[in-house]
Structure formats: structure tokens, C-alpha cells
Amino acid sequence: MNTYIVAGYRTAVGKSGRGSLRFTRPDDLAANVIQHLMNQNPSITPQEIDDVIVGNATPEAEQGLNIGRLVSLMGLNSIDVPGMTVNRYCSSGLETIAIADSKIKNGMGNLIIAGGVESMSPIAMGGWRIVPNAKVAKENPTYYWGMGLTAEEVANKFNVSREDQDQFAFESHMKALKANENGTFKDDIVPIQVEQVYLDENGKRQTRSYTFDQDEGPRAGTSVEALARLRPVFAQGGSVTAGNSSQTSDGAAFVMVASEEMVKRHNLKPIARMVSYAAAGVDPSIMGIGPVKAIPLALKQAGLKLSDIDLIELNEAFASQSLAVIRELDLNPEILNVNGGAISLGHPLGCTGAKLSVQIFNELKRRNKKYGMVTMCVGTGQGAAGIFEML
Amino acid sequence: MSKRRIKKVAVLGSGVMGSRIACHFANIGLEVLLLDIVPRELNDTEKAKNLTLEDKSVRNRIVNDAFTAAIKSSPAPLYSKKFANRISLGNFDDNLSEIAEADWVIEVVVERLDIKKVVFEKVEKFRKEGTIISSNTSGIPIESMLEGRSDDFKTNFLGTHFFNPPRYLELLEIIPSSKTNPELVEFMLDYGRKYLGKKTVLAKDTPAFIANRIGVFSIMSLFHTVEKMGLTVEEVDKLTGPVLGRPKSATFRTCDVVGLDTLVHVANGVAENCPNDEKKSAFEIPSYVKHMVEQNWLGSKSGQGFYKKVKGADGKSEILSLDLKTLEYKTQDKVKFDSIGKAREIDDLAEKTRVLFNHKDKGGDFYRTTFTDLFSYVSFRIPEISDELFRIDDGVKAGFGWQLGPFESWDALGVSTVLAKMKESGKAVAPWVEEMIAAGNDSFYKIENGSRLYYDIPTKTYKAIPGTENLVVLDNLRAEHTVWKNNDATIIDLGDGILNLEFHSKMNTIGAGTINAINKAIDLAEKEYEGLVVYNTGGNFSAGANVGMIFMMAVEQEYDELNFAIKQFQNTMMRVRYSSIPVVVATHQMALGGGCELSMHADKVIAHAETYMGLVEFGVGVIPGGGGSKEFALRLSDELKDGDIRINTFRERFLTIGQAQVATSGEEAFELGYLRRGVDEVIVSRELQLTRAKKAALELVEKGYTKPIERTDIKVLGQEALGIVYVGANSMKSGKYISEHDQLISEKLGYVLAGGDLSEITEVSERYLLDLERKAFVELCAKKKTLQRLQSMITKGKVLRN
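Quick caveat: nothing in here was measured; it's all calculated off a predicted structure.

Student: Can you help me understand the overall build of chain B in this one?
Tutor: A count of helices and strands for chain B gives 33 helices and 25 strands. For 802 residues, the compact-globule formula gives about 28 Å, and the C-alpha radius of gyration of chain B, at 29 Å, lands near that figure. Across its three principal directions, the C-alpha atoms of chain B cover 80 × 75 × 65 Å. The 802 residues of chain B split such that 49% are buried. Sequence separation of 24 or more characterises 70% of the internal contacts of chain B that already satisfy a separation of 6 or more.

Student: Hey, could you run me through the sheet that holds strand S13 (residues 451–456) of chain B in this one?
Tutor: Across a sheet, paired strands are connected by hydrogen bonds in the backbone, their directions being either parallel or antiparallel. Residue and element names in this part refer to chain B. The antiparallel open sheet is built from 3 strands, whose spatial order is S12-S13-S14. The outermost strands of the open sheet, each flanked by one partner alone, are strand S12 (445–448) and strand S14 (461–464). Strand after strand, the sheet turns through a mean of 40° between neighbouring axes, direction not considered. In terms of strand pairing, S13 meets S14 through 4 bridges, oriented antiparallel. If you follow aspartate 456 over to S14, its bridge partner there is threonine 461.

Student: Which parts of the structure should I look at to understand helix H10 (residues 319–329) of chain A?
Tutor: Residue and element names in this part refer to chain A. The buried count for H10 comes to 8 of 11 residues, which makes it a mostly enclosed element. When we look at burial in H10, the residues that qualify are Ala319, Ser320, Gln321, Ser322, Leu323, Ala324, Val325 and Ile326. The positive-phi residue at the C-terminal boundary of H10 is aspartate 330, with phi of around 55°.

Student: What should I look at first to understand the nonpolar core in this one?
Tutor: Side chains that are nonpolar tend, in soluble globular proteins, to be buried together. Counting residues in hydrophobic clusters, the biggest one holds 360 residues, and the most contacted among them are A:Phe254 and B:Leu532. When residues of this core are assigned to their parent elements, the largest contribution, 9 residues, is made by helix H9 (residues 211–229) of chain B. Once residues within four sequence positions are removed from consideration, B:Leu532 is found in contact with B:Leu499, B:Leu501, B:Ala521, B:Ile522, B:Ala525, B:Ile581, B:Val583 and B:Ala697.

Student: Would you mind showing me how to read the sheet that holds strand S6 (residues 157–162) of chain B here?
Tutor: All names here are of chain B. Spatially, the 8 strands line up as an open sheet ordered S3-S2-S1-S4-S5-S6-S7-S8, and their pairing is mixed. Edge positions in the sheet fall to strand S3 (87–91) and strand S8 (199–202), since each of these pairs with one other strand and no more. Along the sheet, successive strands turn relative to each other by an average axial angle of 25°, direction set aside. As judged from the 4 bridges shared by strand S4 (residues 104–107) and strand S5 (residues 132–135), these two strands associate in the parallel manner. From the neighbouring strand, tryptophan 104 faces S5, where its bridge partner is isoleucine 132. Most of the contacts of helix H6 (residues 113–126) go to S4, to which it runs at about 160°, and overall it touches strand S1 (8–12), S4 and S5. In this fold helix H17 (residues 389–400) packs onto strand S7 (171–176) and S8, with an angle of close to 140° to the strand it touches most, S8.

Student: Which parts of the structure should I look at to understand the interface of chain B and chain A?
Tutor: Contacts between chain B and chain A engage 16 residues on the former and 18 residues on the latter. Broken down by element, the residue count for the side of chain B that touches chain A peaks at 10 residues, all from helix H30 (residues 719–734) of chain B. The residue makeup of the side of chain B that touches chain A, split by class, is 7 nonpolar, 6 polar and 3 charged.

Student: Help me understand the environment of B:Ala102 in this model?
Tutor: Residues and elements named next belong to chain B. You can see alanine 102 is positioned in the loop between helix H5 (92–95) and S4. Separated by 60 residues in the primary sequence, alanine 102 and phenylalanine 162 have C-alpha atoms spaced 19 Å apart. Apart from the residues within four sequence positions on either side, alanine 102 is in contact with Lys8, Val9, Ala10, Leu33 and Thr131.

Student: Where do I start with the pairing of strand S5 (residues 111–119) of chain A in this structure?
Tutor: The side chains of a regular strand alternate, residue by residue, between the two faces of the sheet. All names here are of chain A. Summarising burial for S5: 9 of the 9 residues are buried, a large majority. Neither face of S5 is exposed, since Leu111, Ile113, Gly115, Val117 and Ser119 on one face and Ile112, Ala114, Gly116 and Glu118 on the opposite face are all buried. Pairing of strand S3 (residues 51–55) with S5, which is carried by 5 bridges, proceeds in the parallel orientation. Counted as the bridge partner of valine 54 is glycine 115 from S5. As paired strands, S5 and strand S9 (residues 249–259) are joined by 9 bridges and run antiparallel to one another. Of the residues in S9, the one forming a bridge with glutamate 118 is glycine 251.

Student: Explain the domain arrangement of chain B here, please?
Tutor: It is common to give the size of an interface as the accessible area lost on bringing the parts into contact. All names here are of chain B. As far as domains go, chain B holds domain 1 (8–202), domain 2 (206–335), domain 3 (343–469) and domain 4 (475–786). Measuring from the centre of the C-alpha atoms in domain 2 to the corresponding centre in domain 3 gives 24 Å. Listed as interface residues are 21 residues of domain 2 and, on the opposing side, 28 residues of domain 3. Tallying contributions element by element places H9 first for the side of domain 2 that touches domain 3, with 10 residues. When grouped by side-chain class, the residues that make up the side of domain 2 that touches domain 3 number 11 nonpolar, 6 polar and 4 charged.

Student: Would you explain the pairing of S12(B) in this entry?
Tutor: Pairing of S12(B) with S13(B), which is carried by 4 bridges, proceeds in the antiparallel orientation. If you follow B:Glu448 over to S13(B), its bridge partner there is B:Ser451.

Student: Is there a simple way to think about unusual backbone geometry in this case?
Tutor: It is generally the case that most residues other than glycine have a negative phi and that most peptide bonds are trans. All names here are of chain B. Going from asparagine 164 to proline 165, the amide bond is cis rather than trans, its omega being -5°. Checked against the element boundaries, proline 165 lands in the loop between S6 and S7. Residue isoleucine 382 is joined to proline 383 through a cis peptide bond whose omega torsion reads 10°. Structurally, the position occupied by proline 383 is in the loop between helix H16 (362–380) and H17. The phi angle at phenylalanine 209 is positive, at roughly 55°, despite the residue not being glycine. Its identity as a non-glycine residue notwithstanding, asparagine 296 has a phi of 65°, on the positive side. Of note, asparagine 296 is situated in the loop between helix H13 (287–294) and strand S9 (307–311).

Student: Explain the environment of B:Glu597 here, please?
Tutor: Within the element layout of this structure, B:Glu597 appears in helix H25 (residues 594–600). Separated by 30 residues in sequence, B:Glu597 and B:Gly627 place their C-alpha atoms 6.4 Å apart.

Student: How should I be thinking about the packing of helix H27 (residues 646–658) of chain B against H30(B) in this particular structure?
Tutor: Each pair of packed helices can be described by the angle between their axes along with the distance between the axes. Residue and element names in this part refer to chain B. For the pair H27 and H30, the least separation of the axes is 10 Å and the interaxial angle reads 55°. In terms of axis orientation, H27 runs oblique to H30. As for the relative orientation of H27 and H30, their crossing is right-handed in sense. Contacts between H27 and H30 involve Ile647, Phe650, Arg651 and Phe654 on the former and, on the latter, Glu720, Ala721, Ile724 and Val725. Looking at the contact of H27 with H30 residue by residue, the classes come out as 6 nonpolar, no polar and 2 charged.

Quick notes on the rules
Residues numbered from 1 in each chain as written. Chains lettered and ligands numbered in written order. Predicted model: local features only at pLDDT ≥ 70, side-chain atom pairs only at ≥ 80, totals over all residues. Helix = DSSP H or I, 4+ residues; strand = E, 2+ residues; numbered from the N terminus. Rg over C-alpha atoms; globule rule 2.2 N^0.38 Å. Buried ≥ 20, exposed ≤ 12 C-beta atoms within 10 Å, placed from the backbone. Contact = placed C-beta atoms within 7 Å. Pairing = 2+ DSSP bridges. Axes fitted to C-alpha atoms, helices over the stretch in contact; angles between N-to-C directions. Core = buried A, V, L, I, M, F, W, Y, C linked by C-beta atoms within 7 Å. Nonpolar A, V, L, I, M, F, W, Y, C, P; charged D, E, K, R; others polar. Domains from an automatic or database assignment. Parallel < 35°, antiparallel > 145°, perpendicular 65-115°, else oblique. Left-handed = near helix turned anticlockwise from the far one by under 90°.

Next comes the structure, spelled out in C-alpha cells:
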């Protein structure tokens, strides 16, 4: 059975902690995008949707209580559509699209909303209550390593210099700034209306509201020199800094996956189809190298060669791992992260897979190209890659 | 008139002194308004932001910048960074009206009388009646500031001379004018001591007041002596440093820190304004000093002074000293004086001083000359700068960190003996000294019935120092009220049923002798007294356990003995808490390792505000083994409420020990969990600390003190906490932040704090935790790297990170 991606949107990405989306809860963010998807396809009724699948890397606190179901209720304003939460860390938002796609292919549904959301503003990295298995922690401590430490390990093992990392980060910002300037992401983005309640200088309750519709991560003032001045944050004498790592962010992105029957019923315009998706495991201490294993798997499933791919979104978790992956697989930098990446645009963990998918659809369309690949490293030693074909 | 209450203070002028004075008032819990002038023009940043001279950020720029620099400076002017919000910032043009709410306005603007007068005129417009106004001037006559002021202003006005840095430097000179209300003078002498923790010294309105007048004379006269005797810079600093009970920076290094220009400024001021000073010539600037000022060799601020730090070809830095003859910098010579060698063998400072003064070598010559110069000078300063001799000693001691003031040194050397020598060498002495001796009084001070008395010149009698009548002072009790003593500690009866245990071991470390003394003190108190205070007058409360003893046993692999010794240490700490009498521990300066553990087992701690408390055992390769780790597990258990994210609270406690965090103030000791809010106290005045500690012990007695019951309800997290310990330690090691040995120590500490590898949260006893703690301690002592760390601490006094 054929499946089609018929729509996809994302929020602009806010900086976590002090950014513009910090007053908007993740459930609200996700519901907003889903409402927008529905508004753009007015003939579809909520009852025709079979499931809402929400990727999330830290499903607790504001993102707990099965946020997938809550987002379905809030976004569709109907009790009829179920919802679930999926966690494969940073590929969650891509994983959900693959699940939707497979379900429909197997006749388990006709129309599924899939994507992801992450608000890193209110929730500590890794969650609030981290309780590793003591025995495993002693025997296999790398299972629990922080991502930054794995980035250092990749830099060491694959000889990625500090200079190269900073240069890569700088280019990411430059590409993103240009994209912002050109309005490249306009078609991706659902504007979010933010409401803030606060106390003014005199302690009086005040409200203010604003629209957030542009990625706020790119730094106009940055330079290679400025990046070179930053101190390593994960290891003494290391090379990974806040500047050449991805930004922690708030954001949501969702796509609509439809069966052939549904496309016909509503006369929907297919954008793309998912050709293949693969996840793979690697040594957790060099987590960032995950795509090196996942990409060949996805290509093989698709029956494609790397040279067939027209555009790549490689999630920039860290410059060190991005460069290691590029070098190991000999990826073409000309078609990679052409509008910047997570170092400049931000990385809302569970949302990222869906967000990069939305971005690649619009960029392939602009370029009038066929195949796009979204790939990323994934926590605790994994990689994922998905290939889309434009229609 | 109702009692004066200080709730809010306004500080006018935010320079180095103003900002830091403001911080110190915030330290003691007051609201502070700190003001400075509005800038005349915009700076480049402001221009770039299109700001105007009307914007608040521009108008407050000077005060904002000064205050930001102050709170970032080291040593920190605030007890806790949190206290910064007690200070509000503003400018003279927009905010001066707010001084109407202040109870005390302190002027700390530039040292120019015309400017100060303008400020006071403005102050007069806004202040409410009765508000105290004071000037922090160090050189302008207080009397000269009264012109044009109202009567209410004049009676409420005086000089309050803080010394830099005001949080740390003990001295506060109180200088009334002829119009100051005497009630206010009394109030300030008491307020400065009790609330600000200062040694308050009443000074007359004479040039440079007391401390700088004597201190600068001492330095200037020494400049001339050095030249005459041909001594080197490093020789003089050796002669006038710790061996004399004076700061390590001694003479020339102190000059470098203060700045030679400042020193010359004060000296010139005295020379100009004291035409009748019999030693006026001493204030003349010697040619080598003139040369240095001309060359801008002013000390630290200009990179070179009497010393200069240079980097050699090998990259190692070296501190050169100035050759006062050639005026070139040279490698320092090794200094050796027979007199100093002899004095080093003696502990008692008075005895040391006698040996130095009487020794027949060049050092002795130096001491005889400089001491008698000083004695002569101070004798003539009465009644010029003070009517009472103790104020001169107090001023110099608190202002320059001397352990003995001039008259105290003279007492130590024997007043009449020295007087005879001075007469022989033709050195003049004020007549009152001879009159004192003629009347049969051979000392400036004496102790009677636990009180220290000073010789009162007009009445020729001994009188109690005002304000000390009701104080409990260990120095005054030691001779007559010692109950028990060994080499490391002394037990003194403070009266009213309270004993005091004082340590006097090296660095006041805790070893066999002190452990023995703690047990003895508790034994005695339980049998015959009501309570116990642990307090001492040393440089530090306690630098920790005696690591030498631990090292010896560890290196000999006498693990059973080591285990036994640690157990005895633990049992002693437990006795501190679990005895039939209240134990109050009063800490000051360093209270590290075992000193911290002792405090943590007290019924109550009365910590001086300048207490630097911490469990620093990681530095010597072990975990706290005297109940410190146990106590952290216990306090962790007590602070957890249902529903808390336990693991995060656990981590905080773990890191406090794991990073060997030392509190930089008593307040911070609360924040780090070494002190308990609602139980322990911080006191700002060191002078009043023992009196308060004794009272606190008596309060516990009065409340009906009973022996507490050992805890068996300590909730430990077990395996829930262990995982994060292992992950954290491994990650820190992998990130090269800690060594493999640190990782091991961390894991051992985590194991103890978690109560071991229990499968679920379990209630355990203190004894259970003490056993875990001791086991970990002894195991670590069997590690080579721990031995290396211990050895490094013992031989070099340095923390080895291996």
C-alpha cells in the first residue's frame, strides 16, 4: 500500500531557558502545530485521523502523563483520536513518521499525525530524577555517559580538531543567518502566539503577548575567533564547547501521513513519501558516530546509493561527531545542512527528526530535487536515518 | 531620647571603600543605599546604544560599575553573594532624598574638604533629625567639616574610619568632633564592635588619627634605620614579620600592598600638620623612597616596588628585591639571624620578643633601635592622640595586624629595664612613664580577677578597659583558672559552671592529645560542671586532624591500630553530641576536616562570621572519618521530605564533600550544610564570641539539657543513589576533571552516604554509618596514592592531586 506525506509544519525554534518559547508548555506547542495542520486541510475531520504519535526524549514533568494522548485531545479537540508517546531520544521525531508510515502500509490506518515535541526550558537535560542501575554503572559506565563526553571521545578517536569544529560551527551560523534573512523557513513555520504573565517592577501582575515565528538560535555576531575563545565544557583540555555543540531548544514539528485512499478521498497533494528508515546501535562511548552505521542500512533498504541523495540533513548534535560522520562516509558538504543545523538553529531533542523532515521537504521542493535524507546520532550509542522521495 | 536603632544605612560614594563598606552593612543584615555621582558624559557603549544622559542606566553607571567590580573582587566583600540584593544603588541627583529613611549616612567621597562640604550641605537638606552622619576620611580634620552645618547635624556627626578591606580589617576608628553628642560616641563604640564586628578605637581628631599615625611613624622611622644599619629589604621583612607576631607581609611587602604613594601621602600629611611632633624628622622621605616614587615603583599597583616579580628564562617566576643602595632589583639573599633562630624555638610571643630584643647580633641591634624609637614616640602621643594608652595598642594591633601593641611589647620587655636602656642611649621618654614607675607601677597592663586593667595616667591607677567589664576573655583567665592541661590543649574554668577547652597544638590540629583533652573536658564537665565550650585564641580554630599520626600508622601498615585510632576519634565526636552536658563549639577562621567534624557534633555552634569551614579530606586522599560523612548522611535524611527528588539532594551533599567545598564565611557554612539553621549561630564580633558561647551553653543548661539519644532512624538511599555516584565519578574521570584515585575516593564516599548497597530505602543507625565510614577511611589509607597525598600535606603543606 502506498503512503504519502501530505503536510508538515514546525514551530520556529526557541532557545531553552531564556528564549521566546519558555512560557509555552510543550503540550501547547504541539497542539498548536496539529491545529495548524488541520486548518490547512479543512476537509479532514478529526474522526478520520487514526492516531497521533508524538516523539519526545524526556517524557516526564510537563512532557509526562503520555503527552501523545494529551496532545491529541488538545490539538484535535476530539476524544476520538488516540495518542502515544515514542522515545528514541534524538530520532524520536523521525521514528514516529516511520511508525505512522508502517502502520498505514500494513493497513492499520489511513491517516496519522506524527512528529515530535521537546521543551528543554522547564526540564533538566536527561530528566529530573536520574537513577542509573548501580551494577551496570560500575561495569559499563559508558552506557550512562553524558553526550558531551561522547563528543569528546569522537573528537579524539576520529581526530577532529578544535579548529575544524569551530569552523564547522561558524559555517552553520552563517548558513542559518542567511536562511533567516531570505525567509527560507517561512513555509515550514507555524507562528506561535505566546502569552506571558509576570510581575512588573512594582510587583503588579501584568500580561503580555507576542508572536514567535523565526528561529532565534543563529548568532549574527559570532566569528571563528569568538568561538575559539570558548572553554571546553565536558572535559579538561577537551575541544567540545558550548559554541560547537548543538543548542538546547524548545520546539515542535508534525507531519500528516496518509494512505492512497485518504489522498483520493480528500484530493490531498502528496509532498513526499518515506522510502526507508533504519536505526542502528554503536558503542555508546562514541554515540555520535551512529549515522555511519544507520545511513548504509537506510540506503540498502531503499536500494539507493549515497550519490542518489540530493540533500542531507545531518543533525548537528556536535561539530565533532558531524565532521567525523561526514569524513567516514565521505558525505558531500555541498548538499549537507544547507540552511544550517542544530548548532545554529537549535536541537529540541524529540522534535528534531520531524523538524528536519519538514525542512528537507521544502528545500528539496525549492531545488526541485528528488531524494532527501534525514539522519542523526542518538543517545546511548545509536544512529538513525530516513530517506524521503519528493513527489 | 529613644534608643538608636540602625535599620538602614546610606553610603555616599561607591569607590573601593564605599562599595565595600556598603557590602559589610549588607553582611550584618541592613538595608543599604549606595550612591555616587551622575556621569558628565556618555561612554562609547552608551552612545552605541543610543542612550542619553537621562537614562537611568547611564545616571547610575558609576555606582553600578563600582559595585559590580566590588562584589566580584577578592577577598569577597560579602558573606554571601545573595546579600547583594540588600543594597540598592542610585545617584546623588535622583536618589539623595531617600537618605531621609536612613538612620546612618556615611560619607566616603573623594578626600577633598570642599567636595565633602558640598555633599554635607545636600545631606542636610534631606536627612531627618537625629540621623547619624559620619565621614570615612582618613586625613581631613573632622572639626573642619562642621562649618555651615546645623546644630542637629553637628551633634550627630563624627568620623568613622574604616580600613580596607572593611569586611576583613578589624579596625574602626571613632573620631568625635568637639560638638559630637557623647551619647553618640558611646553608641558607635558599642555598635561598631557588636554589630560590625570591629575593634572600635576612640581617637582624637589629630592628623592620621591613631593607627596610621603610629603605623606610618613606625615604617618611616624604620626606613631611616634600615638605611643607617645597611640592612636589606628581605632582612627587614624577616625581622619584622611573624617572628614578632606581625603579618607575613612584614614591612616592605606591606608597603608594596598599600602603595608607596599612599604611604608618602600620609607621611607628608603628618609632617605638614604636626609641626610640634618631636620626631618630625622621621617623617622626611628618604632619598631612595623619593627615587622609587619618581620611577613609579609604587608596589603591587604599578607592578614593582620593594619587590618585583619577574619571569626567568626557564619560565619560572622569581621575586626580586630592591637593593636600597644601588636601587636595582636583585635576587634575594638568604636571610639568617642568630636572634631569629633562637626566637623560633619559643612559642610564647612575649618571651620571643625578649629574646630578640636582648640578643647580641645585628638583629638584636635592630630590635633595640626600632623598639625604643617606637616606645619613645608612643609615650609622647599621650595625651595628643589619645588619653588612654590601650587605645594606641588597640589601634595598631587591629589596623596593622600586630599581635602585641607598642605598650604591650614594652610590658613584655620590662618597662623599667627598657627605660634604663633608653636613658643610656639618650632616647627621650614622656614624663608620665617615669612617674608611673616612681609610683611603683612597673607595667602598662595587669590582669586582676579575670579582667585586664590598664594604667590610667591622670589618676595613676589601674582601670578596667571600658566595655570589657562583662566580657569573658580567655587570655585573662588562663593563669588562674586552668583546670587541666596537656601539650595540645588546656581546660579553663569560665565560671558559672562552664568549662572552656582550648586547643594549642600545631595549627590546632586534632590528634591523640586533643582527643584525650576532649574526653577529659567532657568527663570533668559531666562530673563537676554544667557545660563545655570549645574555643581557642589561635590563628585558626583547627586545621583538621593530625595527618602525621594517620600517615605513620598507614605507612607502617598498622591497620588495626589505625582502625582503633579512627574509632576513638569517632567515639569522641559522638561523645561531643551524646554527653550529659551541652557542648558549644565556637569557631573562627579555618575549621577544616576534623575541626569541621567536631563542630558538626556540637549541640550548638557559635561561629565567628569569618569562619572557613569545610570537609577537605579528599585533598589528603580520604573521606571524612570522624563522623563527618555520617553526619552528612544524617542531615541529608533529615532534610528530605516525601516527594522530594531524593537523588538531587543526595548529589548536593555528595559534591560538598567530593569537591572539598570550604565555606568562605559563617553564612556560607549554612548554605553548604556545615551549620544548621535554627540551631547554630554566626556572631560578627570575635571579641564577644566567647562571652556569647558561654551564655549559649548556660541557656542550654537552663532549658533543661538532657543527653540526646543516638539516632537509629537515618534514611539512606542505598542502590538508588549508588548508580549516579558511579556514573558521576566515571564521567568526571573520563573528562579528566579528576584522577583515577579521586574516582575511587568518590565511590567510597558515595557508598557511605548511600548507606551501602541496600536494595531499598532503609532506616539505619549512626553506628552503622560510622562503621561504613571508618572502613572506607582505612581502606583508602592502604592505597599508595593516599599515602602520597598525606605525605605531600605533611612535608609541603600542599594538596597533591595524583
